[in-house]
Amino acid sequence: MNYNWDWGIFFKSTGIGSEIYLDWFVTGFGWTLAVALAAWIVALALGAVLGVLRTVPNRWASGIATTYVEIFRNVPLLVQLFLWYFLVPDLLPEPLELWFKQDLNPATSAYLSVVVCLGLFTAARVCEQVRTGIQALPKGQAAAARAMGFTLPQIYRHVLLPQAFRIIIPPLTSEFLNIFKNSAVASLIGLMELLAQTKQTAEFSANLFEAFTLATLIYFVLNMGLMLLMRGVEKKVAVPGLMSVGGK
Amino acid sequence: MISIQNVNKWYGDFQVLTGCSTEVDKGEVVVVCGPSGSGKSTLIKCVNALEPFQKGDIVVAGTSIADKATDLPKLRSRVGMVFQHFELFPHLSITENLTIAQTKVLGRGKDEAIDKGLKLLDRVGLKAHAHKHPGQLSGGQQQRVAIARALAMDPVVMLFDEPTSALDPEMVNEVLDVMVELAQEGMTMMCVTHEMGFARKVADRVIFMDRGQIVEDCAKDEFFGDIHARSERAQQFLAKILQH
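Residues numbered from 1 in each chain as written. Chains lettered and ligands numbered in written order. Predicted model: local features only at pLDDT ≥ 70, side-chain atom pairs only at ≥ 80, totals over all residues. Heavy atoms only, no water.

Here the focus is the overall build of chain B. Helix and strand counts for chain B come out as 9 helices and 10 strands. In terms of overall dimensions, chain B is globule-like: its C-alpha atoms have a radius of gyration of 18 Å, near the 18 Å expected for 244 residues. Dimensions of chain B, computed from the C-alpha atoms along their principal axes, are close to 55 × 45 × 30 Å. Taking all 244 residues of chain B together, the buried fraction comes to 56%. Entry remark: accessible area of chain B is about 10400 Å², with carbon and sulfur atoms responsible for 46%. In chain B, 27 positive and 32 negative side-chain charges are present, and the distance between their average locations comes to 3 Å. (Helix = DSSP H or I, 4+ residues; strand = E, 2+ residues; numbered from the N terminus. Rg over C-alpha atoms; globule rule 2.2 N^0.38 Å. Buried < 20%, exposed > 50% of the residue type's maximum accessible area, 1.4 Å probe, protein only. Areas by Shrake-Rupley, 256 points an atom, 1.4 Å probe, with all protein chains shown as cover. Lys, Arg positive; Asp, Glu negative; His and termini not counted. Charge placed at Lys NZ, Arg CZ, Asp CG, Glu CD.)

Now the structure itself:
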């Protein structure tokens, strides 16, 4: 391969305002974080509720949660994103539709779409993990809580969920990382997150390899950092005399 | 205190309890025994409505379980239950295990709950372990904590569902000692157990169950006194567990 590497490219002017290429990456990284973190909050909250619904002794509740999971898990993420961004706004009541299409600036409307999309998509996966976590607990735990007079919400709040969440930290971690990686789909609806900025840098500067190398590194370091963070969380909430951490 | 009136229970087509009736008076200690699958655990779990039943009624301290208007969580909060596998909450410290239901269910203040919990922990001889988690205690110690946890709710009756069956043999006695003491203090108790030594020592009555029915229901002395007067099934059962 005959290629002239130029790592200095990131500090060169983009020709737009006073920005250098590195600024684009910083902005892109910021959007990636903003998308992933907001979507994660949605996914965790909704996924926890759905996971609980799948385990409560009520056929309607578990049916609704199961249907949700099947729909959101079996349609490709990218298809879901296009639905949320291109089709759903047309189905909104007119004032909302106009607000979304005309009043919001394009970055905000793309941001909202991708947060909703990633949040709801990941919620289906979080739901399944919460459900398995709850079902992995001995049946006697809920029975003991019930025998002491706890109501169903209290049983979940004080007995089942604190234990279930501790069990599922490892799979939840990989879901947490996935949401950062999946946030790259936002580039396809014009949100200038990390991948979109990388492509733009590649096109503007023709330094394709440097741009993608840096993006790869940023994703990698970010995810490694998150993984270590979650391992720390797991250690911090570990129960003395009970669960082992990190396969120890 | 407990009145079990013609209780019938089915799992689908299979009838697990058939026409069970008995009374447990205040301060009485009743031991329920029988072969596995005879329905003794199921019956005792009906007493605090952990297991639903389709026919009959159980009245605990004046409250009917079959009555749709009964607040079951409230009823359960007045009935202590000890499980075969202890079922302490592993993510909570011993102190928290002893206080959580007091504060969340009975609405007691935190200090009062801790005070009460630690007193009971002391009573079962485990005060030094208050700060630990259940996973750091032995089975016998965990079961003693479980008894203290149930007592912290000031129950009007205590139910024991094979409390020593999951324990190493050397830990059985430390749990039985606590139960004997409780019985002698006048607690109303219904105990599913195979510990015939315990039954002989403190039981007032012995109930023998087989295939979902109460086959024998008589005073302890009568039950152990003249074994040949017992039903054939009870004789077979006793012959097997008493020969050692």
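Moving on from the coordinates now.
Turning to the side chain of Glu175 of chain A, a few remarks are in order. The topology assignment puts Glu175 of chain A in helix 8 (residues 169-182). Excluding residues within four positions of it along the chain, Glu175 of chain A makes contact with Trp40, Thr122, Arg125, Val126 and Gln129 of chain A. (Contact = heavy atoms within 4.5 Å.)

Attention now moves to the pattern of salt bridges. What the rule picks out here adds up to 22 salt bridges over all chains. One salt bridge in this structure joins Glu128 of chain A and Arg54 of chain A, with 2.6 Å as the shortest N-O distance. Of the two residues, Glu128 of chain A sits in helix 5 (residues 106-135) while Arg54 of chain A sits in helix 1 (residues 21-55), which places them 74 residues apart along the sequence. With respect to burial, Glu128 of chain A and Arg54 of chain A carry one shared label: buried. Among the salt bridges present, the one from Asp115 of chain B reaches Lys119 of chain B, with a minimum N-O distance of 3.5 Å. Residue Asp115 of chain B and its partner Lys119 of chain B are located together in helix 4 (residues 110-123), separated by 4 residues, close to a single helical turn. The class for Lys119 of chain B is exposed, based on a relative accessible area of 57%. Because the salt bridges share partners, they merge into one network encompassing Arg54, Glu70, Arg73, Glu128 and Arg131 of chain A. (Salt bridge = Lys/Arg side-chain N within 4 Å of Asp/Glu carboxyl O.)

The next subject is the state of the cysteines. Residues and elements named next belong to chain B. According to the stated counting rule, one finds 0 disulfides over all chains in the structure shown. This cysteine, Cys33, is not joined by any disulfide, and Cys218 carries the nearest cysteine sulfur, 9.4 Å off. Distance from the sulfur of Cys191, which forms no disulfide, to the nearest cysteine sulfur (Cys33) is 11 Å. Among the residues examined, Cys191 registers a relative accessible area of 0% and is labelled buried. (Disulfide = S-S within 2.5 Å.)

Here chain B averages 93 in pLDDT, while 99% of its residues score no lower than 70. Predicted as a complex, the structure gets a pTM of 0.89 and an ipTM equal to 0.92. (pLDDT = per-residue confidence, 0-100.)

Let us look at a nonpolar patch on the surface. A cluster of nonpolar side chains, namely Leu78, Val79, Phe82, Leu83, Phe86, Leu87 and Leu188 of chain A, defines an oily patch on the protein surface of about 570 Å² accessible area. Inspection of the secondary structure assignment puts Val79 of chain A in helix 3 (residues 77-91). (Patch = residues over 30% accessible without salt bridge, like charges linked within 9 Å, V, L, I, M, F, W, Y side chains within 5 Å.)

Residues and elements named next belong to chain A. Inspection of helix 6 (residues 139-147) places Gly140, Gln141, Ala144, Ala145 and Ala147 among the buried residues, and these make up the whole buried set. Buried residues of helix 6, viewed axially, fall in a sector of 160°; they line one side. With its phi angle positive at about 100°, Gly149 sits one or two positions after the end of helix 6. (Arc of directions from axis to C-beta.)

Bringing the sheet that holds strand 9 (residues 205-210) of chain B into the picture now. Pairing between the strands of a sheet is mediated by backbone hydrogen bonds and can be parallel or antiparallel. All names here are of chain B. If you walk across this open sheet you meet the 6 strands as 6-7-8-3-9-10, and the pairing is mixed. Looking at strand neighbours, the two that pair on one side only are strand 6 (79-82) and strand 10 (213-219), the edges of this open sheet. When the angles between neighbouring strand axes are averaged without regard to direction, this sheet yields 15°. Both strand 9 and strand 10 contribute to a ladder of 6 bridges, which runs antiparallel. What sits directly across from Met209, in strand 10, is Ile214. The sheet strands contacting helix 5 (residues 139-151) are strand 6 and strand 7 (157-161), and the helix crosses strand 6 at an angle near 170°. On the sheet, helix 6 (residues 169-184) packs against strand 3 (29-33), strand 7 and strand 8 (189-192) and is oriented at approximately 150° with respect to strand 8. (Pairing = 2+ DSSP bridges. Axes fitted to C-alpha atoms, helices over the stretch in contact; angles between N-to-C directions.)

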